[in-house]
Amino acid sequence: MSQKLKQTVLVVLFVFFSIPVFAQVTGDYRSKTSGDWGSASTWQFYNGIAWVNATSYPGQNSNVGTVTIGSGNTVTLNVNITSYIIDKLIIGDETGGNDTLLLPDNGDFQVDIMLIAIQSDGILKWVKNADLRLPADAIIYNNGGQIDTLKQNQCSASQLIWLGSRKFSACNGNGGTDYSFDDIESALPPPTSNGDITECAQNPIQTLTASATPPSGAHVVWYTATSGGSPVSPTLNTVGNVTYYGESVDNSDSNRRSLFRTAVKLTILPRPTISVSSPPTCVFRLFSPTTYQLEVTVSTGTVTSTAGAVTNTSGNVWAITNVSSGTNIVVTVTGANGCTNQLPVTAPNCACPVVNSPTSGGNKSYCTGDAVPSITASVGFGETVDWYDSASGGTLLLLGNTTYTPSGPGTFYAEARNTTTNCRSGARTAIVVTQDTPPTATIGPDQSIFTGGNAIFTVTATNADTYQWQISTDGGTVFNNISNGAEYAGTQSTALTVKTAGADKNGYRYRVLASKSGSSCPSTASSSALLTVKVRTVITNRKITYRVDAN
């Protein structure tokens, strides 16, 4: 095979050489007399019931499946066919007459026909010089017929078959073409595809193998491209797809091959996954039959069940509810690609004993900025705890654990569940996690008094109901608690009174520790305020005494 052709010709699915020329379908055409292609009177049209006289020629008004030239007719190609596509042109009806497609001298015709098959009684004939232009991915194939000119001595490079922009064949094989008409006549037909194979993935993964039927006395060699390349084994055993191309090779002469290859596509589709995300649980209703429900999560697709009601609750999460007690079911997920996966579900034992509600491990609180504490609940032997965000229904937060660490404050509900029967407690136990806000304390201004006077320090606080005043005698490095007595009043309030302060308290600093009763937050220390104690000055002049304030 010419390497240039291998790089150019694209393969379309080929119908084996024994084409069913009489298996007409609605829209097919056949010749009823000799005449021009472009004359409707040359043709009959199959309307789905019978052959009727055509009102247009093939390719004039719509895409056509198959056109057959038979009954000893000669049809002269006199028009281009570019508006619509013809799938197949079969020259010869295999009844023994000469059925001919004739190209007139100096004709140059573009015909969008994807496959031309020349049967044993068919003739593709050039009057003299003409060009037959087919699409780049078309196939022209001889099945025992003739590709020729009216006179043998007129065979030259001027009788041309084009595939797209490439010269595919000339009568004598010259003029830069790949093949002569004799080459086409003697080549093997491509193998007949046994069909593309598409399957859903199995576990373990299966192996698909492409297959095609070669002509008699030949075998198929497989490649990964439409031309060129090295022979391969045409298999697929991973999720995905691959197209292999089969070429007919003569059993006796490996140089005799088909000019075209037959494409076979193998595809293994992924199956969607399905798993139980909330186990089957019994639903007890007063004066109603007991049912059970469960929840499944899938990777993709739509869920159905052999019993019960199926609801897509969110995304890929599906709820199966109202399944009659004691009824085993099969839940099926079907992906967009048509692949399915099944999950058998065994009905839970809904003959439930009483399951007591969990015992709370106590409410918890934490200060803003600290880690959220875990909460606990205790249950009986053979039981576990499922955590929810509401007293009934709601969202499952954690399955099967007596300890739960929430992401923030709130009220959380512990439900007891028997691990064997999946029977649940009739009520859930509420456990509260509180986030406490730290107190704030803003002290008032520094105080300045005379010796023996009283100084009052104040503080403004939030989130606080407990106060403890402190004193620093070293300028604010170390603070110690003070208490009510001769020197102080209000040491556990928002206002501290320093009584009859002496000069020794000059330079002392005071602050308060504010806290909230029952809060998990530590007390907050305010900034400190300075106490300045001034001494009064006495001036005596000629037995007259003046008291002067020392500023």
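## Some details on unusual backbone geometry
Following N203, the chain continues to P204 via a peptide bond in cis, the omega torsion being 5°. Mapped onto the secondary structure, P204 falls in the loop between strand 19 (197-200) and strand 20 (208-209). Even without glycine at this site, E94 takes up a positive phi of about 60°. Tracing the backbone shows E94 in the loop between strand 7 (81-91) and strand 8 (99-103). The phi dihedral of N322 is positive, around 60°, even though this residue is not glycine. Mapped onto the secondary structure, N322 falls in strand 30 (residues 317-324).

## Brief notes about the confidence of the model for the chain
In the predicted model, the chain carries a mean pLDDT of 90, and the fraction of residues at 70 or more is 93%. Considering only residues more than four positions removed or in separate chains, one finds that residues 1-22, a stretch of pLDDT under 50, has 69 contacts. Overall, residues 545-551 carries pLDDT values under 50, and its contacts beyond four positions in sequence, including any with other chains, amount to 19 contacts.

## Describing empty space enclosed by the protein
Inspection of the entire model under this criterion finds three cavities of 30 Å³ or more. In this model, the second largest cavity occupies a volume close to 40 Å³. Taken together, I140, Y141, N142, I184, A187, L188, P190, L259 and F260 make up the lining of the second largest cavity. Top contributing element to the lining of the second largest cavity by residue count: strand 13 (residues 139-142), with three residues.

## Some words on the nonpolar core
Grouped together as the largest cluster of nonpolar side chains are 42 residues, with contacts concentrated most on W37 and L124. In terms of residues, this core owes the most to one element, strand 7, which gives four residues. Core analysis: the next-biggest nonpolar cluster, separate from the first, contains 22 residues, A441, W469, I471 and Y510 among them.

## Looking at the state of the cysteines
Tallied over the entire structure, the rule returns four disulfides. Disulfide partner of C155: C171, at an S-S distance of 2.0 Å. An S-S torsion of about -120° defines the bridge between C155 and C171 as left-handed. Placement of C155 in the loop between strand 14 (146-149) and strand 15 (159-163) and of C171 in the loop between strand 16 (166-170) and strand 17 (179-180) is noted, with a sequence separation of 16 residues between them. Note on C155: relative accessible area 22%, which makes it partly exposed. The disulfide partner of C282 is C350, and the gap between their sulfur atoms is 2.2 Å. Between C282 and C350 the disulfide shows an S-S torsion of about -90°. By sign, it is left-handed. Taken together, the positions of C282 in strand 26 (residues 274-283) and C350 in the loop between strand 32 (340-345) and strand 33 (359-360) put the pair 68 residues apart, joining distant regions of the chain. The same class applies to C282 and to C350, which are both buried.

Conventions and cut-offs
- Residues numbered from 1 in each chain as written.
- Predicted model: local features only at pLDDT ≥ 70, side-chain atom pairs only at ≥ 80, totals over all residues.
- Heavy atoms only, no water.
- Helix = DSSP H or I, 4+ residues; strand = E, 2+ residues; numbered from the N terminus.
- pLDDT = per-residue confidence, 0-100.
- Contact = heavy atoms within 4.5 Å.
- 1 Å grid on protein atoms, 1.4 Å probe; cavity = no way out; pocket = protein on both sides within 12 Å on 5 of 7 lines; lining within 4 Å.
- Points joined across faces, edges and corners; volume = space filled by probe spheres on them.
- Core = buried A, V, L, I, M, F, W, Y, C linked by side-chain atoms within 4.5 Å.
- Buried < 20%, exposed > 50% of the residue type's maximum accessible area, 1.4 Å probe, protein only.
- Disulfide = S-S within 2.5 Å.

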